[in-house]
Every structure is written in C-alpha cells, then in structure tokens.
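Chain and residue survey
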Amino acid sequence: ATSLLGGTTVNFMLDGYYGYNFNNPIGRVNLLRAYDVSSNSFSLNQADVVLENPADPAHGKRFGLRLDLQFGQATETLQGNTANELRPNVWRNIFQSYGTYVAPVGSGLTIDFGKWASSLGIEGNYTKDQMNYSRSFWFDFLPFYHTGARVNYKFNDTIAVNYWVTNGTQQTEPFNNFKDQLIGLSLQPHKNVAWTINYYLGQEHPDVQYLPTATGSNLPTQQGTPFEPIPNAPKGKLHILDTYLTWQASPKLTLAVEGDYVIQRLMTSSPPDHTTGGAVYAHFQLTPKMAIAGRTEYLSDRGGLFTGATQAVKETTLTFEQRLANGFLLRQEWRRDFSNHPYFLTDMLGLLKKEQNTATIGLVWWFGGKEGGW
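For the structure given in this document, a descriptive report is provided here. As a convention, each chain's residues are numbered from 1 in the sequence order in which they are written. This being a predicted model, a pLDDT of at least 70 is required before a residue's local features are given, and a value of 80 or more before pairs of side-chain atoms are given or counted; all residues contribute to the totals for chains, interfaces and linings. Side-chain measures were taken over the full set of non-hydrogen atoms in the model, leaving aside hydrogen atoms and water.

Brief notes about a nonpolar patch on the surface
The patch calculation keeps residues exceeding 30% relative accessible area without a salt bridge and links them within 9 Å when they carry like charges or within 5 Å when they are nonpolar (Val, Leu, Ile, Met, Phe, Trp, Tyr). The Shrake-Rupley method, run with a 1.4 Å probe sphere, supplies the accessible areas, and residue values consider only the shown protein chains as cover. Throughout this description, the term salt bridge denotes a Lys or Arg side-chain nitrogen within 4 Å of a carboxyl oxygen of Asp or Glu. Nonpolar side chains collect at one region of the surface, where F22, F284, L286, M290, I292, L318 and W334 lie side by side and expose about 620 Å² of accessible area between them. Runs of E in the DSSP output that reach at least two residues are strands. Runs of H or I that reach at least four are helices, and both are numbered from the N terminus. Within the secondary structure, W334 sits in strand β18 (residues 328-339).

Structural notes on the packing of aromatic side chains
In this analysis, rings of Phe, Tyr and Trp, with Trp reduced to its six-membered ring, are considered paired at centre separations within 6.5 Å, and the interplanar angle assigns stacked below 30 degrees, edge-to-face beyond 60, and tilted for intermediate values. Throughout the structure, instances matching the rule amount to 17 aromatic pairs. Between Y17 and Y133, the ring centres sit 6.1 Å apart and the planes meet at 55 degrees, which makes this aromatic pair tilted. Within this pair, whereas Y17 is found in strand β1 (residues 9-21), its partner Y133 is found in the loop between β5 (109-117) and α3 (137-141), the two being separated by 116 residues in sequence. Between buried and exposed lies partly exposed: a residue is buried under 20% and exposed over 50% of the maximum accessible area for its type, with that area taken using a 1.4 Å probe on protein chains only. Relative accessible area serves as the criterion here: at 4%, Y17 is assigned to the buried category.

What to know about the side chain of S38
Relative to the assigned elements, S38 resides in the loop between β1 and β2 (41-53). For S38, a relative accessible area of 16% gives the class buried. Residues adjacent in sequence count toward polar contacts only when both atoms are side-chain atoms; beyond that, a polar contact is any pair of N or O atoms within 3.5 Å, and within protein one must be able to donate a hydrogen and the other to accept it. For S38, the side chain forms a polar contact with the side chain of Q73, separated by 3.1 Å. The contact criterion used throughout is that any non-hydrogen atoms of two residues lie within 4.5 Å. Apart from residues no more than four positions distant in its own chain, S38 is found in contact with Y17, G19, R28, N30, S43 and Q73.

Structural notes on the environment of W365
With respect to the secondary-structure elements, W365 resides in strand β21 (residues 355-367). Take W365: its relative accessible area is 36%, and that puts it in the partly exposed class. Remark: the alpha-carbon pair of W365 and F344, spanning 21 residues in sequence, is separated by 32 Å. Filtering out sequence-adjacent residues up to four positions away, W365 remains in contact with F12, M13, L14, G327 and F328.

A closer look at the environment of F178
Tracing the backbone shows F178 in the loop between β7 (159-166) and β8 (180-190). You can call F178 partly exposed: its relative accessible area is 21%. Distance in space between the C-alpha atoms of F178 and E204 is 8.6 Å, their sequence separation being 26 residues. Setting aside chain neighbours within four positions, we find F178 in contact with N167, L201, G202, Q203 and K237.

Here is the structure:
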C-alpha cells in the first residue's frame, strides 16, 4: 500500500485481455461490447491511477477528494466518442474527479462536485469488482459518467436517498442548457440484501456543433475551436428507470438481478423509442482462490437506441476466475451474444449472423492502499 501525507492512497490497476470471436469478423470487431471490443488481439483494456483522500467526519475531517486517471482502449468507449462529448480529447483520460464535503446536517449530508462514475446499472468500470470479465449490454448502453453536483443522505442503516443535477449523460461539458436530474433510493432491508432504485430525467440532444476543421469563418470559438448553433435543435426527453438488487444468499453464493426501462424522444412531440429488459447474475466461490460466475440478459431495442436497429438482443456468459495472488486476477470467459435478426459481423462484408461466440482470457493487476471496491 502506498500512502501519502494526509491519508491519500495512490492506487494502480492494469487490465488486459486476449479474445477470439468464432465468427472471425472483418476488422476483428466484437459488436455490442463495451470494453472487450477486439478479437484475435492482445489488448490493453485500461491502465488506471486512482488517488483518493476520503472525508472522515467521525474524526473531524469533512472534506475529501478523488481523482481517477484512465488510459487505454476503454477510454474510447467511455468518452473518446464525439457522439457523447463535444470535445472528447479534453477529458479523455479523466474518468473521475470530484471533491466531497460532508455537511453537519443530521447524520451527515454528503455533497460531491465534479465528475463521477454513474450508478445507473449494477456493473462498474473496474473489472476486479465485477462478477464477469466482459460487461453487459446494459453497462454499455446506460451512462458511464456524469458531471455536476450530487447529494446523499443516509437516514439510517436501511435507507439512503440520492439526488443529482448534471450536465447530461456522459457529458463532461453540456450539450445544451437543460440540466439532467436523478433521484434514487438505496435500501438494505436485510444485512445480506442491497436494493437500488433510480429515476433519471435528461435531454441528450446538442444545440451546437463543433467544426474543428473550419477555416476563414466568422464563427464563434471555444478555446480556438469554431462552433455553430443547430437550428431548431431537438428537445425530446430521456427517461431511465433503473433498479438492481444483490443478495448474499450464502457465504459462497451471490445472486443479483437488474431491470431497466428507457424511453427517449427526438422532438417533444416524437413517438418514443423504447429500450427495456434486464439481467440476472450468479457468483459462486468454489475455493478461497477460485470462483465461477454466470450472467444472462435480455435487451429489447425498439427504435435502435442501443444497437441502431429495432431488435431483441440476448447474451449468456460463463466466467471462471482464479486469484493467483493478492491483487492478481485471471479470468477465462465464454460468451454468446444473439439476436432475432442478422446483426453480427462475419468474415465477409455484408454477410451477417444472428449470433457471435467469443472466448476471452483477461488478466487484472492492482495494488495500492485503497481497500474494497473501487
């Protein structure tokens, strides 16, 4: 463990994999994958540096901060895409950066300002804390991060409430003048059961576009990059209802379930696109150093919000895990993705299949003073 003055931990993680897609797709591309996007390739998923100095109000320290720097293939999925960031390269390597203040209100009102990982969906960014190596469709579809302010208040050991005001879904800078909001409940009805319920309201359509190659124009600029307004920019809303529950059924067996209902409109008067479904998880600890995990999920994409086409996609994943040492994890994974329409790439351009099967070996190393989940 590495600790600096003031209790700051410095933590490092390296996550890499080799995967093979049995469709032998052109370009070696695994469609609908968040992180394990490459086939027949030795790939660096992510390299991370996490610095954390948490608030500790029990000992009189009411402020804290956290900074997560991320490099590698996953940054392109997270925020390197112009579909969700106006200037992605400005923010590409800053996954999280926020300050915390715990106000002396009741049991303590936690206030964060900055950029943080989204808690929509049960899965998270760091592989070591997930049941499987690959991420679910829902992790890929739901927001990865938000920038803004959030508050959390824990009434007791059973119930806590969250409220966010953000620039948008996966928008470090805002696309428009609308500020998205979330209200959520975190419940623990039993010591072995944790249940989260979230409702998110957003507007994800930009009202400007950047033109980095424009020259000789009289357009306004932001830090030297020209931009122009989008006439009659769409203002249709996004609604996300997200819930997930984890049950520690026994000391060795963990079960989890997630359900999501998403509606988005282009214009306020447009018919909505719907994306609905969920996932089921199981993790069994065979020995202190060996475990097996399974996941199955369903996503109905009416309107193509996730896949770009109206279809129902499903997947089943089986993961075998070996903890070779403290901070060193090996996972072997078999996954089958399938659809009710031909969608997945093959070795011939234009020839699509209804399924893709992949085999993956993932390696994760981490060390530092931070304990528990990242």
